[in-house]
Amino acid sequence: MNREQRIPALAVSRGIGIGQIVFLRGENIRSVRFDLNSEETEAELLRFKAALDKSILRLHEIASNDDPNEPVSGIFGVHLLILESSFAEKIQTFIHEERVNAEWAIRMISDHYIKQQESVSDISFRDKYLDIKDVANHLLKELNGSHAADPTVSGSVIVARDLSPSTIIEIAKKKPVAIITELGGWTSHSSILAREFDLPMVSGVRNLEQFVSAGDCVIVDGVNGEIILNPSDKTVAEFEALGKPDKHSGIHISHNNEAAKTNDATHFLIRANIDKPESYETAKNMGAQGIGLYRSESLLRQSGPIPTEDQQFEAYCQIADAVGEHGVKIRTFDVGVERFGSDAHWVERNPSLGLRAIRLSLADPTHFRIQIRSLLRAAFGRNIDIVLPMISGVGEITRSKAIIEEERFDLIKSGIDIGKPKLGAMIETPSAVLTAFDIATQVDFLCLGTNDLVQYLLAVDRDNDAVADWYQTLHPAVIRAIASVFDAAQKADIPVSVCGEMAGSPFYVPVLLGLGAREFSMNTTSIPQVLQLLTGISLPDSIALVTNIQSLLTAEEIEGCLREYYLKNWSALFPLDFLNSRFR
Ligand code: PEP
Ligand code: MG
């Protein structure tokens, strides 16, 4: 019998899973070339067309999943967009011109796209090649009739190199106990989805296929970041005794939407990061007062072609009507140039530093103007604020305001009713931090995007597990940057809403409170634990805690100091086992 072996991993979704290994088949379906005569080629084109239609139908079904409790992702909209774009046409042309089987054509065309994208130095571009790989696999599965469920997934531990978003949604329905991947960071699509599905997941485990076999027993420890191969009966019993870590254990789910207070009566606001109107009801019942971040690019994914002014107007009205008086902060498109159909083949060398977000909106304001018009119209009689993403300085605010003014003037001239949305700036680049006061004098509020702020401040790719140790939310530079943003906003007398993942993690929330945060916007699943924590702690204690950590020199020291304080003073306010995890 094989010996127990422990392998460190990156914990990306909390929880523990014990089961037998299932290697994910179908992610890399092999294709061989068959040469066809002209008659066979015609039949092959029909066969491909049928598979294409079935794939589109299947994706439409998944994308229009209307259960608000199911994590639905706009990712499938991206897949539909790929299927309905020139990608499918190119495959058809290849079958026709080369007279080959559909599988071979799919492989040739998708390999071409994937190679183009893999050669890009920025690893965050990996997500895009995963999407193409995923779409190719949809087609191959339809061609081979192998789209049926794999019954062995239930109760097993899935092992895969990369996991595409659609695969994770498909396998989550079949109830595996955990997932292990080679690649992926805390913020990669699949990790986010695993957290939403409450599926324990670790990444960064290389070449597992070389030294384990399907059916081997493994424990996935998504709390401490470890996998245990061939665990002894004793180890299994120890982990089983731990039970399923319950994020909400001991947490009272609030149905009270009145202003929440810390135990020294400091008011704070909890908002939700939501893109779907039907999801707001749940968030509201948990204590959310409005939507602090609506990522409008979710409309681009879901609608295939870029939604028109009227379609966007409808979507913004729907979300604002669902939220009502507490309002919604709608962030303008935070996407790269490749997301707009006309530039589908644009390849950015370094996408996260490229032509995206506000830069794209200003470089070619065509889509921005349409979005602004629909937002101004939807804001008539509704509580809608506009947030500008990836601001790097005052110049972009000035130029954006000029465009907003022009569109406002034009709409008024045409006799169209419009509202007066407040304007906010995302603070997520180092230059925005350094000029935060200047920016704050030009806008009505700031949104602190800590996901990107950590990435840009520390020059570390947020999607790359290989540099996960350098993605340090508690780095002294991050703490100082956040402190200076709150100072700037206070001097300019405007509010700051924290809407990055930091606002939804109890480990960081007392730090944010002590640094000056009063508005926290997060995923719905995080609301109960953050609400419970904030109502149980006091502002003076949080300020004292922050004063202590501000003299420390490393993220590790800060983490240690916080953990010690939490364990001593507030351990009952954290989810069980939460303080055993690593937080940097
Ligand atoms: C952020 O950067 O913190 C943020 C909230 O936006 P996103 O995660 O969409 O980049
Ligand atoms: Mg961001």
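The structure displayed is predicted, hence computed values, not measured ones. (Residues numbered from 1 in each chain as written. Chains lettered and ligands numbered in written order. Predicted model: local features only at pLDDT ≥ 70, side-chain atom pairs only at ≥ 80, totals over all residues. Heavy atoms only, no water.)

Draft legend 1. Highlighting the overall build of the protein chain. Helix and strand content of the protein chain: 23 helices and 17 strands. Burial analysis of the protein chain (584 residues in total) assigns 57% to the buried set. Sequence-distant contacts in the protein chain: of pairs separated by 6 or more residues, those separated by 24 or more amount to 71%. A total accessible area of about 24600 Å² is found for the protein chain, and carbon and sulfur atoms account for 51% of it. (Helix = DSSP H or I, 4+ residues; strand = E, 2+ residues; numbered from the N terminus. Buried < 20%, exposed > 50% of the residue type's maximum accessible area, 1.4 Å probe, protein only. Contact = heavy atoms within 4.5 Å. Areas by Shrake-Rupley, 256 points an atom, 1.4 Å probe, with all protein chains shown as cover.)

Draft legend 2. Quick peek at empty space enclosed by the protein. A complete count under the given rule lists five cavities of 30 Å³ or more for this structure. Of the volumes computed, that of the largest cavity is approximately 60 Å³. For the largest cavity, the full set of lining residues is Phe333, Val335, Phe340, Ala357, Leu360, Ser361, Asp364, His367 and Phe368. Where the lining of the largest cavity is concerned, the elements lending two or more residues are helix H13 (357–363) and helix H14 (366–378). Here the lining of the largest cavity gets three residues from one element, more than from any other, and that element is H13. (1 Å grid on protein atoms, 1.4 Å probe; cavity = no way out; pocket = protein on both sides within 12 Å on 5 of 7 lines; lining within 4 Å. Points joined across faces, edges and corners; volume = space filled by probe spheres on them.)

Draft legend 3. Geometry of unusual backbone geometry. At Ala357, a position not held by glycine, the phi torsion is positive, near 50°. When you line up the elements, Ala357 lands in helix H13. One non-glycine residue with positive phi stands out, namely Met390, at about 55°. You can see Met390 is positioned in the loop between strand S13 (384–388) and helix H15 (394–413). Given the relative accessible area of 1%, Met390 is considered buried.

Draft legend 4. Region of the structure containing the packing of helix H18 (residues 450–458) against helix H19 (residues 476–492). As a packed pair, H18 and H19 sit with axes 10 Å apart at the nearest point and diverge in direction by 125°. Classed by the angle they form, the pair H18 and H19 counts as oblique. The two elements H18 and H19 meet at a crossing, and its hand is right-handed. Along the contact surface, H18 presents Thr450, Leu453, Val454, Leu457 and Leu458, while H19 presents Ala477, Val478, Ala481 and Ile482. In terms of residue class, the contact of H18 with H19 is built from eight nonpolar, one polar and no charged. (Axes fitted to C-alpha atoms, helices over the stretch in contact; angles between N-to-C directions. Parallel < 35°, antiparallel > 145°, perpendicular 65-115°, else oblique. Left-handed = near helix turned anticlockwise from the far one by under 90°. Nonpolar A, V, L, I, M, F, W, Y, C, P; charged D, E, K, R; others polar.)

Draft legend 5. Up close: the layout of surface pockets. Space inside the second largest pocket adds up to approximately 1200 Å³. Every residue lining the second largest pocket is counted, 50 residues in all, and those nearest its centre are Ala11, Val12, Trp186, Arg582 and Phe583. Residue contributions to the lining of the second largest pocket peak at four residues, all from strand S2 (residues 10–13). Along the lines of polarity and charge, the residues of the lining of the second largest pocket split into 17 nonpolar, 21 polar and 12 charged.

It is worth stressing that arrangement in space is one thing and function is another; only the former is reported here.
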